[in-house]
Amino acid sequence: QAQVVESGGGSVQAGQSLRLSCTVSGVIFESYAMGWFRQAPGQEREFVSAISRASMTYYGDSVKGRFTISRDNAANTVYLQMDNLKPEDTARYYCAVGSSPIARTASRNYDHWGQGTQVTVSS
């Protein structure tokens, strides 16, 4: 059974950076796309970023130019570098294993999810 564990969240001020990590076990990590989503209280889950098996990357409009996704297949880990954080980035961030090698933006295309890590950005 797949296990997905996120880490690296925290509380920062606007303009600062955080790096989220997501380590996966129980699946052939290198075979699948990986995605990051976020959800703020009272809001729907939002696509943040995804990376395909071939390391093609995709970003939501609200984070383009500020966030960078990467993967380390040897470590079964995907990262989300978040720079120039804004208060509107405050949310719980979830990592997910895609159902295919292709990176997609819809959450229905992801099979295994972590418990999330909280990111809070104050102004």
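Up top is the structure these notes are about.
About the thresholds
- Residues numbered from 1 in each chain as written.
- Predicted model: local features only at pLDDT ≥ 70, side-chain atom pairs only at ≥ 80, totals over all residues.
- Heavy atoms only, no water.
- Buried < 20%, exposed > 50% of the residue type's maximum accessible area, 1.4 Å probe, protein only.
- Helix = DSSP H or I, 4+ residues; strand = E, 2+ residues; numbered from the N terminus.
- Pairing = 2+ DSSP bridges.
- Axes fitted to C-alpha atoms, helices over the stretch in contact; angles between N-to-C directions.
- Disulfide = S-S within 2.5 Å.
- Phe/Tyr/Trp six-rings, centres within 6.5 Å; stacked < 30°, edge-to-face > 60°.
- Lys NZ or Arg CZ within 6 Å of the ring centre and 35° of its normal.

### Topic: the pairing of strand β7 (residues 67–72)
Only one face of β7 is covered, namely the one carrying F67, I69 and R71; the face carrying T68, S70 and D72 has none of its residues buried. Between β7 and strand β8 (residues 77–82), which follow one another and run antiparallel, lie four residues, and N76 among them has a positive phi close to 50°.

### Quick look at the sheet that holds β7
Strand order in the open sheet formed by four strands is β1-β3-β8-β7, and the pairing between neighbours is antiparallel. The open sheet has two edge strands with one neighbour each: β1 (3–7) and β7. Going from strand to strand, the sheet's axes swing by 15° on average, the running direction of each strand aside. Examined bridge by bridge, β1 and strand β3 (residues 18–25) share five bridges and lie antiparallel to one another. Its bridge partner being in β3, Q3 is matched across the sheet by S25.

### A short note on the state of the cysteines
The final tally for this structure, using the stated rule, is one disulfide. Here C22 engages in a disulfide with C95; their sulfurs sit 2.0 Å apart. Its S-S torsion of about -80° marks the bond between C22 and C95 as left-handed, since a negative value means left-handed. Taken together, the residues C22 in strand β3 and C95 in strand β9 (residues 91–98) connect sequence positions 73 residues apart.

### Re the packing of aromatic side chains
If you walk through the whole model with that rule in mind, you get four aromatic pairs. In textbook terms, an aromatic cluster arises when at least three aromatic residues are bridged by ring pairs, as seen for F37, F47, Y110 and W113. One residue, R45, lies across the ring of W113, its end atom 4.6 Å from the ring centre. Taking NZ or CZ as reference, R71 lies 4.6 Å from the ring centre of F29, over its face.

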